[in-house]
Amino acid sequence: MSSPGFGRAATRLGVVVAVVVALAGCGTPPGLDRQEQVAFARECASLIERGLSDREPPRVAVLGNEDVNLDDPAAFYSQLERLRGPSTYNLHDSTRSADTARQPLDACKTNPRISSSLLGPKASTASTATTTTSISTTVPGR
């Protein structure tokens, strides 16, 4: 006959072993940081793209200090890679340790581009000639 204390101890030991094995399997997978950086970059590109896609052409906005133009897709995605690519998301930046999960995406908001027509007259203006043709009609019998 086994003692009740031995059974409880064995059960506890089994639970402890199971917990240790489970925790050992929960380690950070290799490359997780890089995958998270890529995910942030893709989400940022998606936010910017959605914001511009509903506009009438030209679909241009300011991101940071640069114009991005969705109407030129190759240049648009190249600029996004440079401005908000995976390498721009440093997940171990101590100055951002208090950020919530989505705060890095706050930098993915675009601003409308200031139209050149709002800046005033251009340095040189072009003139166009206008001609007016007058049509005369005569009423017979007058």
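Because the structure is a prediction, the values reported are computed rather than measured.

Looking at the protein as a whole, the pLDDT averages 75, with 59% of positions reaching at least 70. Considering each helix and strand of the protein separately, the mean pLDDT is smallest for helix α1 (residues 4-25), with a value of 57, and largest for helix α3 (residues 73-84), with 95.

With that out of the way, let us pick up the pairing of strand β1 (residues 60-63). The alternating pattern of β1 places Val 60 and Val 62 on one face and Ala 61 and Leu 63 on the opposite face, and all of these are buried. Between β1 and strand β2 (residues 66-69), which pair antiparallel in sequence order, lie 2 residues; one of them, Gly 64, sits at a positive phi of approximately 70 degrees. Pairing of β1 with strand β3 (residues 111-112) involves 2 bridges; the strand directions are antiparallel. From the neighbouring strand, Ala 61 faces β3, where its bridge partner is Pro 112.

On to the state of the cysteines, then. What is meant by a disulfide is a covalent connection between two cysteines, made through their sulfur atoms. For the coordinates displayed, the defined rule picks out 1 disulfide. Disulfide pairing is shown between Cys 44 and Cys 108; the S-S distance is 2.0 Å. Taking the sign of the torsion about the S-S bond as the criterion, the disulfide between Cys 44 and Cys 108, at about -120 degrees, is left-handed. Of this pair, Cys 44 sits in helix α2 (residues 32-53) while Cys 108 is found in the loop between α3 and β3, placing the two residues 64 residues apart along the sequence. Residues Cys 44 and Cys 108 agree in their burial class; the two are buried.

The rules behind each value
- Residues numbered from 1 in each chain as written.
- Predicted model: local features only at pLDDT ≥ 70, side-chain atom pairs only at ≥ 80, totals over all residues.
- Heavy atoms only, no water.
- pLDDT = per-residue confidence, 0-100.
- Helix = DSSP H or I, 4+ residues; strand = E, 2+ residues; numbered from the N terminus.
- Buried < 20%, exposed > 50% of the residue type's maximum accessible area, 1.4 Å probe, protein only.
- Pairing = 2+ DSSP bridges.
- Disulfide = S-S within 2.5 Å.

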